[in-house]
Amino acid sequence: MSESSGAGGPAEVCAEAPGRVNLLGEHTDYNEGFVLPMPLRQVTRVFAARADGVVEAYAEIFDERVARKIGGPREGTWLDYLVGCVWALAQEGIHLPGARFRIQRGVPPGAGLASSAALEVAVLRALRTLYEIPVDDLRLALIAHRAEVEYVGVRCGVMDQIVASLGRLGQALFLDTRSLECEWVPIPAGYRFEVVDSGVPRRLAEAGYNQRRAECEEAAERLGVRALRDLACGDLERVARLPDPLDRRVRHVITENARVLAGVETLRAGDALTFGRLMVESHRSLVEDFEVSTPELDRLVDLAMEHGALGARLTGAGFGGSVVALVAGKYVR
Ligand code: GLA
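Residues numbered from 1 in each chain as written. Predicted model: local features only at pLDDT ≥ 70, side-chain atom pairs only at ≥ 80, totals over all residues. Heavy atoms only, no water.

## Observations concerning the site of the ligand
Quick note on the threshold: The cutoff for a nearby residue is simple: one of its non-hydrogen atoms must lie within 4 Å of the molecule or strand. For the purposes of these results, a polar contact is taken to be a pair of N or O atoms within 3.5 Å, where, inside protein, one atom must be able to donate a hydrogen and its partner to accept one; residues adjacent in sequence count only when each atom of the pair is a side-chain atom. Method for areas: the Shrake-Rupley scheme with a 1.4 Å probe, in which residue coverage is limited to the protein chains shown. Residue classes follow a fixed rule: Ala, Val, Leu, Ile, Met, Phe, Trp, Tyr, Cys and Pro count as nonpolar, while Asp, Glu, Lys and Arg count as charged, and any other residue, Gly among them, counts as polar.
Close contacts around the ligand come from R20, E26, H27, D29, Y30, C156, G157, M159, D160, Y209, G316 and A317, and that covers them all. The separation between an oxygen atom of the ligand and a polar side-chain atom of R20 is 2.9 Å. One of the side-chain N or O atoms of Y209 is found 2.6 Å from an oxygen atom in the ligand. In the complex, the protein chains occlude 97% of the 300 Å² of accessible area that the ligand would expose alone. Among the residues forming the shell around the ligand, the class breakdown is five nonpolar, three polar and four charged.

Listed below in structure tokens is the structure:
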């Protein structure tokens, strides 16, 4: 892309954003709870130039070039993520004439590593530079989230877009998804997290995610709270009176929030052993109470533990995707 950009601004810009691995705090973000993700070294890179009336993109991974008029409706293809970003900016009063993109997708789609959030944040970063848009990193993440929920049509929580935008390499991001307060917590020296893709692809929109969300919303309503975040371990007795599976869904969210808070403390104290134990407890809760694991993910967790990991669990929404394991040793680049 070498054409001139028109009045002002650079002719072409490049921006990138990382995938993420969630260390603790699964299915808590849409319950206004706590999460503890970490950015990956794998990034999605986007080159962008100005265009008029159109969003056009070439994706290297699919070797495919597609285009849609500005204002065009969702079509159920990967271009939705890009058009959705332009659409979400317009909803915020920022109207762009269009853009032409080239995408190098370094975060593999379907592995549970938030590849769509990486793409959205990279696209919005590119547009921010290209059109000199005054949005900070948090607002940019929220615009990316709006694109995914309202344009693409996936009712995800805010975790993935926020860590893609605000994450710092080698640090976990402790996020309160209600207040959106963030804290960066370093990983204890001498330990690292490894991610293993099960190779079983997952389709977020279809894979029971929306059903889990609906169950959590129904349980919150029955319990008379705004969100499951408003419950604590002291409420477990009352929760046990809910019909199955709602009781177990809520128990997962309550105990998972508690595990994130405990996990942040153990990271601060450099206690990798206890953090590993919390990961294993989280996985068990995701298997038994939230029921989002698969035999392949369970097998990978067992293998990691048999081979000396301090802890392992599925990461992301589940129903396929990846596991994360905590192991001793330095990062190797
Ligand atoms: C997906 C969603 C996130 C979060 C996780 C489960 O990655 O995009 O918002 O809900 O699942 O923790």
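## Quick word on helix α1 (residues 79–91)
Defined as follows: What counts as a helix is a DSSP run of H or I of at least four residues, what counts as a strand is a run of E of at least two, and both are numbered from the N terminus. To estimate the expected span of a helix, subtract one from its residue number and multiply by 1.5 Å. Exposure classes here rest on a 1.4 Å probe applied to the protein chains alone. A residue is buried below 20% of its type maximum, exposed above 50%, and partly exposed in between. Between two residues, a contact is recorded if the distance between any of their heavy atoms is within 4.5 Å.
Relative to the 18 Å expected for 13 residues at 1.5 Å per residue, α1 spans 18 Å between its end C-alpha atoms, a close match to the ideal helical length. Most of α1 is tucked away, with 10 of its 13 residues classed as buried. Of the residues making up α1, those classed as buried are L79, D80, Y81, L82, V83, G84, C85, V86, A88 and L89. Along its buried surface, α1 packs onto β3 (54–59), β4 (64–69), β5 (99–105), α2 (115–130) and α3 (137–152). Positive phi shows up at G93, right after α1, with a value of about 85 degrees.

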